[in-house]
2 protein chains.
Amino acid sequence: MVRRTGRRPGNPDTRDAILAAARAAFAEKGYDGASIRAIATGAGVDPALVHHYFGTKDKLFLAAMNAPIDPGDIIPEVLAGDPDGLGERLVTMFLTVWDSPAGKAGVGLLRSAVSSEWTARLFRDFVVTQVLRRVMGAVPMKPEEAPLRVSLVASQFAGLALVRYVIKVEPLASAPREVLVAAVGPTVQRYIFGELPAPGPGADAG
Amino acid sequence: MVRRTGRRPGNPDTRDAILAAARAAFAEKGYDGASIRAIATGAGVDPALVHHYFGTKDKLFLAAMNAPIDPGDIIPEVLAGDPDGLGERLVTMFLTVWDSPAGKAGVGLLRSAVSSEWTARLFRDFVVTQVLRRVMGAVPMKPEEAPLRVSLVASQFAGLALVRYVIKVEPLASAPREVLVAAVGPTVQRYIFGELPAPGPGADAG
């Protein structure tokens, strides 16, 4: 009677089985090592069904992490503008997402990344595959420096999330967004474009 | 037979009862609101016994938090030197403590601050009473700006601890200490001494 529409009500049990298999595979083999085929096998379904439910591997990964937003939707836009304002735009984007209802899910994600080795690995892969690779593709920086730059940015953002939304140290916890953008923007800008220290002696020796 | 020495073997049950009462009091009333007298009452002991076991309220607080180090032992020394190098010295001190065996306790502390509202409050009080007040007493800064400056520094340090020691995002997790001192030192320096943004419109209106 009812015509099929674009909705995919699907079978919740099948969906959950795929997500459970995906979490196990991503945690064990990492994003790059986990194949849709192996995840489908783990869930006892056909690979086509995984694509049907979740679309791409990226989308499946985000669903498996319970990520409240898709960095692919917002990062490219932020990266596309004037490089001089990139730090401030990234901080603005970060605070806007965390101040929104998605922030609650972010707090949950951060809590579980801190409490379990397993989620920590998903979190690392999230930073590398969903953020780092996008940044490297869009911002001119030496490829060999990009990972340190991105992990420095990640350290400032992780700490901002922790102090503002989880531990809630005042006055940072209730500071107006524009105050934090002005204070933290230059930090992020410097981590992305500033001079990086040469690795210490011994770091690349031997 | 055995002569009494300076050791305080004491009664482990009494000690534990005092610590439990202290944790409850600090979490409920905060550092300033919790009195040694009330903690003693909560533990069913004489206040003199609390002093006997733990010395000062500061020391009791650190013991109640399982803090691996006493900031009072190391912060004054770091603050006393040349202001130009303060950011780098603070990062060096921070990484030295976290790279030492005390870092394991730090990871435990951070995990519990993230997972429980109760520990988060102890953590906030720790930042304010053990770090902020010491910094304000030793570094020339406008008193009204000090809390935001210190919480910005806390955000960078919390994120550094999270990314290097808990979530372990590479290459930051295994970067040589001097690379991070050079990269992060200027951030801390700017948060302490740099120009702070004026609060946005509306922040102090009405």
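Residues numbered from 1 in each chain as written. Chains lettered and ligands numbered in written order. Predicted model: local features only at pLDDT ≥ 70, side-chain atom pairs only at ≥ 80, totals over all residues. Heavy atoms only, no water.

## Some details on helix H7 (residues 102–115) of chain A
Between its terminal C-alpha atoms H7 of chain A stretches 20 Å, which fits the 20 Å expected from 14 residues at 1.5 Å a residue. Listed as buried for H7 of chain A are Ala102, Gly103, Gly106, Val107, Leu109, Leu110, Ala113 and Val114 of chain A. The buried residues of H7 of chain A occupy one face: seen down the axis, they fall within an arc of 165°. Where the residues of H7 of chain A are buried, they touch helix H6 (86–99), helix H8 (117–138) and helix H9 (146–166) of chain A together with helix H7 (102–115) and helix H9 (146–166) of chain B. (Helix = DSSP H or I, 4+ residues; strand = E, 2+ residues; numbered from the N terminus. Expected span 1.5 Å × (residues − 1). Buried < 20%, exposed > 50% of the residue type's maximum accessible area, 1.4 Å probe, protein only. Arc of directions from axis to C-beta. Contact = heavy atoms within 4.5 Å.)

## Structural notes on the relation of the copies chain B and chain A
Each copy superposes on the other: chain B lies on chain A with an RMSD of 0.0 Å after a rotation of 180° and an axial shift of 0.0 Å. Taken together, these values place the two copies in the relation of a two-fold axis. In terms of proximity to the rotation axis, the leading residue of chain B is Gly159 of chain B, whose C-alpha is 1.8 Å off the axis. Take the interface residues of chain B: 98% of them recur as interface residues in chain A, which is what a same-surface contact looks like. (Least-squares fit on C-alpha atoms with pLDDT ≥ 70 in both.)

## Focus on the environment of Met141 of chain A
All names here are of chain A. With respect to the secondary-structure elements, Met141 resides in the loop between H8 and H9. A C-alpha to C-alpha distance of 7.9 Å links Met141 and Ile192, two positions 51 residues apart in sequence. Those residues in contact with Met141 that sit more than four places away from it in its chain are Val135, Ala146, Arg149 and Ile192.

## A short note on the domain arrangement of chain A
Interface size is commonly expressed as the accessible area that is lost once the parts come together. Residues and elements named next belong to chain A. Along its sequence, chain A is organised into domain 1 (12–65) and domain 2 (71–193). With 14 residues of domain 1 at the interface, the matching set in domain 2 holds 13 residues. Ranking the residues of domain 1 by area buried against domain 2 places Ala27, Phe61 and Met65 at the top, with a combined share of 44%. There are 2 salt bridges connecting domain 1 and domain 2. Note that Asp58 is salt-bridged to Arg134, the shortest N-O span being 3.7 Å. At the level of elements, helix H1 (12–33) and helix H4 (57–64) are the ones that each hand at least two residues to the side of domain 1 that touches domain 2. Per element, the largest residue contribution to the side of domain 1 that touches domain 2 is 9 residues, and it comes from H1. The residue makeup of the side of domain 1 that touches domain 2, split by class, is 7 nonpolar, 1 polar and 6 charged. (Domains from an automatic or database assignment. Buried area = accessible area lost by both parts, 1.4 Å probe. Salt bridge = Lys/Arg side-chain N within 4 Å of Asp/Glu carboxyl O. Nonpolar A, V, L, I, M, F, W, Y, C, P; charged D, E, K, R; others polar.)

## Here we look at the interface of chain B and chain A
Contact residues are listed per partner, giving 45 residues for chain B and 44 residues for chain A. In total, about 3600 Å² of surface goes out of reach between chain B and chain A, with carbon and sulfur atoms giving 71% of it. Between the two partners, chain B and chain A, sit 0 salt bridges. At the junction of chain B with chain A, the criterion picks out 14 residue pairs in polar contact (both at pLDDT 80 or more). Put simply, the parts of the chain that give the side of chain B that touches chain A at least two residues each are H7, helix H8 (117–138), H9 and helix H10 (177–193) of chain B. In terms of residue count, H9 of chain B provides more of the side of chain B that touches chain A than any other element does, 13 residues in total. (Polar contact = N/O pair within 3.5 Å; in protein donor to acceptor, adjacent residues only side chain to side chain.)

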